Amino acid sequence: MTATGAAVATYRALQRLYPRGFRQEYGDDMAALFGEQLRDEPAWRVCGRALVDLAVTVPTRHVEVHMSRNRTPALVILGSLALASAVFVLVEGALGLAMAALGAGLGVLIWRRDRPAMAERGGAAGWWKLLVAGGVLFATVVATTTATGELSQRAWIVAAAAFLVSVVLLGAGTVLGLVRAADRHRSGGVRPETLVP
Amino acid sequence: MKGRLKPLPVAALHIVLALLEGELHGYALMRRVDELSNGAVRLGPGTLYGTINRLLADGLIEETTDRVARADTERRRYYQLTSDGRATALDELTRLQSLVHRVGAHVPRGATP
């Protein structure tokens, strides 16, 4: 391996310090640019500048990513679950369940509204997984409680929690599915994630 | 971007000014910035692509790689100003010219190099 090749390989290894999304998007271009700099300027100068550049930009990129991920899907789902539980406790019955599903749906909408431009698009692609998981959990809870008949207080709490989770999953999956269908309609049938540059 | 009140950061400013002449790929952009600033602003790969990423997100530049036929072996990505980016670059240019003009009017004669 030539000295230039070794320097580029080292630079590529150091690129792992950047957030993954940034590295995947620009890593090849950055390495190519570094190689071109090595071709045109003394190696010591290029390497020194690259090290300073890494020291400054690696933390910056991480801060940017951190700032842009103030609401992750998991956080929103958990928040929705907490909201749904509170609603269910306060308003039992069908109205409580409807409000819990609404809370989950609102959580998903808030996440989609606030996600940044660099955030991974196509996050709604997993809508069917939420629906399947919610459906399976719902069916399991119903089947188990029907089969066992009278439940102890502890079992009732577990069943109610599982039931709530299934409702939240079904609500979130439904909203994500609708949003995804709207995205596809707007983009003329092209999957939204294929529009990412 | 309409309504931008704050001046662009140094790297972003030099990149939009460099792109006023037309589309450029990463390395050419870096060289052009170096040239425009007379060597005062030297962008490293992380700074260059971090700033490009930000300008793309802000809608001031766009990638044009696939819009123009290029040599088969060429795998570079090209960037150009959007209409908002061009307006911003021209606003910045006006702001800088105005700054130079105002400062020049208040500096005593013989104080400038």
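Just so it is clear, the structure is predicted and the values come from calculations on it, not from any experiment. (Residues numbered from 1 in each chain as written. Chains lettered and ligands numbered in written order. Predicted model: local features only at pLDDT ≥ 70, side-chain atom pairs only at ≥ 80, totals over all residues.)

## A word on the sheet that holds strand E1 (residues 24-25) of chain B
Two orientations exist for strands paired in a sheet by backbone hydrogen bonds: parallel and antiparallel. Residues and elements named next belong to chain B. Strand order in the open sheet made by the 3 strands is E1-E3-E2, with antiparallel pairing throughout. Whereas interior strands pair on both sides, the edge strands pair on one side only; in this sheet they are E1 and strand E2 (61-63). Of the pairings in the sheet, the one linking E2 to strand E3 (residues 78-81) comprises 3 bridges and is antiparallel in character. The residue of E3 that forms the bridge with Glu-63 is Tyr-79. (Pairing = 2+ DSSP bridges. Helix = DSSP H or I, 4+ residues; strand = E, 2+ residues; numbered from the N terminus.)

## Section: the interface of chain A and chain B
Each side of the interface is counted separately: chain A has 17 residues, and chain B has 14 residues. Those elements giving two or more residues to the side of chain A that touches chain B turn out to be helix H2 (20-40) and helix H3 (43-68) of chain A. In terms of residue class, the side of chain A that touches chain B is made up of 10 nonpolar, 2 polar and 5 charged. (Contact = placed C-beta atoms within 7 Å. Nonpolar A, V, L, I, M, F, W, Y, C, P; charged D, E, K, R; others polar.)

## Here we look at the nonpolar core
Among the nonpolar cores identified, the biggest contains 34 residues, and Ile-15, Val-16, Leu-19 and Leu-29 of chain B are the most heavily contacted of them. For this core, the secondary-structure elements that each account for two or more residues are H2 and H3 of chain A together with helix H1 (10-18), helix H2 (26-36), helix H3 (45-57) and E3 of chain B. Beyond its immediate stretch of four places on either side in the chain, Val-16 of chain B contacts Leu-8, Leu-60, Leu-81, Gly-85, Thr-88, Ala-89 and Glu-92 of chain B. Ranked by size, the runner-up nonpolar core spans 11 residues in total, among them Leu-130, Val-167, Leu-170 and Val-175 of chain A. (Core = buried A, V, L, I, M, F, W, Y, C linked by C-beta atoms within 7 Å. Buried ≥ 20, exposed ≤ 12 C-beta atoms within 10 Å, placed from the backbone.)

## Some points on H2 of chain B
Listed in full, the buried residues belonging to H2 of chain B are Gly-26, Tyr-27, Leu-29, Met-30 and Val-33 of chain B. Down the axis of H2 of chain B, the buried side of the element spans an arc of 160°, and every buried residue falls inside it. (Arc of directions from axis to C-beta.)

## A short note on the packing of H2 of chain A against H3 of chain B
Running from amino to carboxyl end, H2 of chain A crosses H3 of chain B at an angle of 135°, the nearest separation of the two axes being 10 Å. Judged by the angle between their axes, H2 of chain A and H3 of chain B are oblique. Once H2 of chain A is placed against H3 of chain B, the crossing between them reads as right-handed. Residues Phe-22, Tyr-26, Asp-29, Met-30, Leu-33 and Phe-34 of chain A of H2 of chain A form the contact with H3 of chain B, whose own contacting residues are Pro-45, Gly-46, Tyr-49 and Asn-53 of chain B. For the contact of H2 of chain A with H3 of chain B, the per-class residue count stands at 7 nonpolar, 2 polar and 1 charged. (Axes fitted to C-alpha atoms, helices over the stretch in contact; angles between N-to-C directions. Parallel < 35°, antiparallel > 145°, perpendicular 65-115°, else oblique. Left-handed = near helix turned anticlockwise from the far one by under 90°.)

## Concerning helix H4 (residues 83-106) of chain B
Given a rise of 1.5 Å per residue, 24 residues ought to cover 34 Å, and the 35 Å separating the end C-alpha atoms of H4 of chain B matches this to within 8%. Taken residue by residue, H4 of chain B has Gly-85, Thr-88 and Ala-89 of chain B as its buried positions. (Expected span 1.5 Å × (residues − 1).)

## Some points on unusual backbone geometry
Residues and elements named next belong to chain B. The phi torsion at Asn-38 lies on the positive side, around 60°, for a residue other than glycine. Tracing the chain through its elements places Asn-38 in the loop between H2 and H3. Here Asn-38 falls in the exposed class, since 7 other C-beta atoms lie within 10 Å of it.

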